[in-house]
Amino acid sequence: MKKHNFSAGPSILPAIAMENAAKAVLDFDGIGLSILEISHRSKEFEAVIEEATALFKELLNIPDGYQVLFLGGGASTQFFHVPYNLLEKKAGYVNTGVWAKKALKEAANFGEVVTVASSEDKNFTYIPKGFAIPSDLDYLHITTNNTIYGTEYHTDIDSPVTLVADMSSDIFSRPVDVSKYGLIYGGAQKNIGPAGVTFVVVKEDILGKVSRPLPSMVDYRNHIKNGSMFNTPPVFPIFVIRETLRWLKSIGGVEAMYKINKEKAAILYDEIDNNPLFKGTAVKEDRSLMNVCFVMNDGYEELAAEFLPFAQERGMVGIKGHRLVGGFRASIYNAMPKESVQALVDCMKEFAKLHKK
Ligand SMILES: *Cc1c(COP(=O)(O)O)cnc(C)c1O
């Protein structure tokens, strides 16, 4: 049976990227060696990382003055790399959930941290808006898509101080005005590649301003100077990013992707809003295009345990909600085809037909 992969991360990738990855594992570009066994300093891999970087810049419309890095350690390592490099006195964080809170906690090791806004009062079901941003912050940190709660900023906010964003789960899903950000980072495994590589987009002129000594592996300037090859980079994941970005370009880039993502999300949210058995958890205006969170509607709570196996029997994978919010979460990242979203909707309709009171 066809599987519909709604996993939150690691997650679905374009079929063509996986096909090409499988081929490259056996014989990379006909050189008689696997991508897994060649030097990161070989001319073959240099071409891969150069193209991945160029596509990253092109597709995200990254202005001059910014660098793209591919590092190890996951987004969680960036939680401390960011303050290590940027926090001299005081930083501001918007608390929109678990990931934001973890980032904040790490920053507190490096200086004063203020929570500029929070949606914790309503279990992170919305994105705080209209909050004042103190001008004496070294930077303001936001999490643009809250993977666990299904909330997302739909615009790039204006900040009087350097804006830093964790875009782990919505990078390349919508056009971004990169010029509004000083630094953007994320783990690749939600939208652009397998686990094991972390992307960092950094404006060079924000670096070198803290007085503490920086370990070489932490200092972004070292990675910039060495083109992400200060040490051995995650070679294979970077190869898969290149394949994913080639695919993204082939379908028309981020604008085209955004249009498709809005269509896919609308199909699912419409069903959630119209099906009497289900209801969404995030406030409508902040609903994520990537992670769609929902629960059983009032009066139908007892069916929750039944819906999961029902959906699984019909090929749905990974729709169990995060343990912190319960219910269901369908992650519909870039590579998720519309047909899979429709399959989930059909499954919800079928379930409702059986159980509607
Ligand atoms: C998954 C996720 C993380 C954690 O990423 P790791 O690469 O596992 O460290 C951080 N932030 C957000 C928004 C995420 O979705």
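For the structure itself, look to the data block above.
Residues numbered from 1 in each chain as written. Predicted model: local features only at pLDDT ≥ 70, side-chain atom pairs only at ≥ 80, totals over all residues. Heavy atoms only, no water.

(A) A look at the packing of helix α3 (residues 74-86) against helix α4 (residues 98-107). Where α3 contacts α4, the two axes come as close as 8 Å, and the packing angle between them is 40°. Between α3 and α4, the angle is such that the two are oblique. Note that α3 runs across α4; the crossing there is right-handed. Here S76, F79, F80 and P83 of α3 lie close against α4, whose contacting residues are W99, K102, A103, E106 and A107. Across the contact of α3 with α4, the residue classes break down as six nonpolar, one polar and two charged. (Axes fitted to C-alpha atoms, helices over the stretch in contact; angles between N-to-C directions. Helix = DSSP H or I, 4+ residues; strand = E, 2+ residues; numbered from the N terminus. Parallel < 35°, antiparallel > 145°, perpendicular 65-115°, else oblique. Left-handed = near helix turned anticlockwise from the far one by under 90°. Contact = heavy atoms within 4.5 Å. Nonpolar A, V, L, I, M, F, W, Y, C, P; charged D, E, K, R; others polar.)

(B) Highlighting the nonpolar core. In this structure, F56, F70, L140 and F172 are the most contacted members of the largest nonpolar core, which totals 55 residues. Ranked by residue count, the leading element in this core is helix α6 (residues 235-250), at eight residues. Excluding residues within four positions of it along the chain, F56 makes contact with I62, V68, F70, F172, I192, F199, V201 and L245. In this structure, L277, L289, Y300 and F307 belong to the second largest nonpolar core, which totals 37 residues. (Core = buried A, V, L, I, M, F, W, Y, C linked by side-chain atoms within 4.5 Å. Buried < 20%, exposed > 50% of the residue type's maximum accessible area, 1.4 Å probe, protein only.)

(C) View of the site of the ligand. The environment of the ligand is made up of 13 residues, and the closest members are S76, T147, D166, Q189 and K190. In this structure, S76 approaches the ligand through a side-chain N or O atom, which is 2.6 Å from an oxygen atom. Starting from 390 Å² of accessible surface for the ligand in isolation, the protein chains cover 87%. Looking at the shell around the ligand, the element that brings in the most residues is α3, giving four residues. Taken together, the residues of the shell around the ligand sort by class into three nonpolar, eight polar and two charged. (Near = heavy atom within 4 Å. Polar contact = N/O pair within 3.5 Å; in protein donor to acceptor, adjacent residues only side chain to side chain. Areas by Shrake-Rupley, 256 points an atom, 1.4 Å probe, with all protein chains shown as cover.)

(D) Spotlight on the pattern of salt bridges. Across all of its chains, the model carries 22 salt bridges by this definition. For R246, the salt bridge identified is with E243, shortest N-O distance 3.7 Å. Taken as a pair, R246 and E243 lie in helix α6 at a separation of three residues, close to a single helical turn. What makes R246 partly exposed here is its relative accessible area of 35%. The residue E263 makes a salt bridge to K259 at a minimum N-O spacing of 3.6 Å. (Salt bridge = Lys/Arg side-chain N within 4 Å of Asp/Glu carboxyl O.)

(E) Structural detail: the environment of R287. Within the secondary structure layout, R287 lies in the loop between β11 (278-280) and β12 (291-296). Residues R287 and G150, spaced 137 residues apart in sequence, show a C-alpha to C-alpha distance of 6.1 Å. Those residues in contact with R287, other than ones at most four positions away along the chain, are G150, E152, H154, Y269, D273, G280 and A282.

Just distances and angles here, no functional claims.
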